[in-house]
Amino acid sequence: MRELVVLGTASQVPTRTRNHNGYLLLWDGEGLLLDPGEGTQRQMIHAGVSATQVHRIGLTHVHGDHCYGLPGVLSRMALDGVAHPVHLHYPASGEDVVRALVAVASPGVDLRLHPHGGPGEVAPGLEVRPLLHRVETYGYRLVEPDGRTMVPERLAAAGVRGPDVGRLARDGRLGGVRLEDVSVPRRGQRFAFVMDTAPCPGAEELAEGADLLVAESTFADEDAEPAREYRHLTAGQAGALAAAGGARRLLLTHFSSRYTDLEPLREQARATAGGAVVTVARDLDRVGLPPRCRPA
Ligand SMILES: [Zn+2]
């Protein structure tokens, strides 16, 4: 199962309906907790997910709305007796803040710290790219390797059936039948997470080919001035990012508390998003990854 559990959608100031940021990406039995802001522990209860489902935590940067939930979540993991290692990724320059947050959490979690100071792969399939904010910030991207999809008619024509299908997939060849003769290429799924940033090349790289792009949309287009000043995206810029990358689905989040009605932001993003389906994230939403594209 692959889905994103939205734990919070507020930027700097939470509102009565929007908790601070927080997202749990469930991906084939692994849980990646992204930017746990204040209140994440309780939002997880509301969302029906548990601390034991978290295997990895990624912080984009160390502003409070993206990390103040860390001690609570770690303490809850300790309380629940989480036995598996938990990997924590964050920008290297946030080391002091991260260590302070970890220091006040209850001990007992096998926590492994992984600071990063440049673009690259930080775990299998998990990549970071620098963003452009007021402190060192990185976005994340999870990339499934490309694979192949079997075509049942071709398998039947080649007389391959039962356990032989698995053997052929594993070995690439079965007698005179080659894998490429009975299958078609399948692009791996991609999830991208672009938080606090002004438009920048790193955001564009993350958005490239994303099946699901989660992008901050702190401001509406008419508030482009504060967006520029504080280095955030407007809804229209988030849409343009999705269009430039050919993203299939754009999920807007990290909203300023000044907006009660988010529909105008969705409209603004939709106007620039090209073919991407645009959705406004709401607290406790569960957003599935769209089914893989049929190969051409
Ligand atoms: Zn923020």
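Trainee: Requested: an account of the coordination of the zinc ion, with residues and values cited.
Mentor: Surrounding the zinc ion are the protein donor atoms D65 (OD), H66 (NE2), D196 (OD) and H254 (NE2), at 2.1 to 2.2 Å. Coordination at the zinc ion is irregular: its 4 donor atoms span angles of 91 to 165° at the metal. Mapping the donors of the zinc ion onto the primary sequence yields the spacing D-H-x129-D-x57-H.

Trainee: Can you explain the sheet that holds strand 14 (residues 190-194)? Please cite residues and give values.
Mentor: Adjacent strands of a sheet form backbone hydrogen bonds with each other and so pair up, either parallel or antiparallel. With mixed pairing, the 7 strands of this open sheet are ordered in space as 7-8-9-14-15-16-17. With partners counted over all chains shown, the strands left at the sheet margins are strand 7 (120-123) and strand 17 (277-280), one partner each. Direction aside, neighbouring strands of the sheet carry axes that sit 20° apart on average. Bridge analysis of strand 16 (residues 249-253) against strand 17 gives 4 bridges, and the strand direction is parallel. Its bridge partner lying in strand 17, L252 is registered against V280.

Trainee: Tell me what's going on with the pattern of salt bridges, and back it up with residues and numbers.
Mentor: All chains considered together, the criterion is met by 19 salt bridges. R248 serves as the salt-bridge partner of D211, at 2.9 Å between the closest nitrogen and oxygen. In this pair, D211 is assigned in the loop between helix 7 (201-207) and strand 15 (212-216) and R248 in the loop between helix 9 (235-245) and strand 16, connecting sequence segments 37 residues apart. You can call D211 buried: its relative accessible area is 2%. Note that D223 and R258 form a salt bridge whose closest N and O atoms lie 3.8 Å from each other. Separated by 35 residues along the polypeptide, D223 in the loop between strand 15 and helix 8 (224-230) and R258 in the loop between strand 16 and helix 10 (263-272) bring together distant segments of the chain. Take D223: its relative accessible area is 17%, and that puts it in the buried class. Here the salt bridges do not stand alone but share partners, grouping E127, R129, R141 and E205 into one network.

Thresholds, definitions, all that
- Residues numbered from 1 in each chain as written.
- Predicted model: local features only at pLDDT ≥ 70, side-chain atom pairs only at ≥ 80, totals over all residues.
- Heavy atoms only, no water.
- Donors = N, O, S within 2.8 Å, 3.2 Å for Na, K, Ca; no water.
- Tetrahedral: all angles 85-135°; square planar, octahedral: opposite > 155°, others 65-115°.
- Pairing = 2+ DSSP bridges.
- Helix = DSSP H or I, 4+ residues; strand = E, 2+ residues; numbered from the N terminus.
- Axes fitted to C-alpha atoms, helices over the stretch in contact; angles between N-to-C directions.
- Salt bridge = Lys/Arg side-chain N within 4 Å of Asp/Glu carboxyl O.
- Buried < 20%, exposed > 50% of the residue type's maximum accessible area, 1.4 Å probe, protein only.

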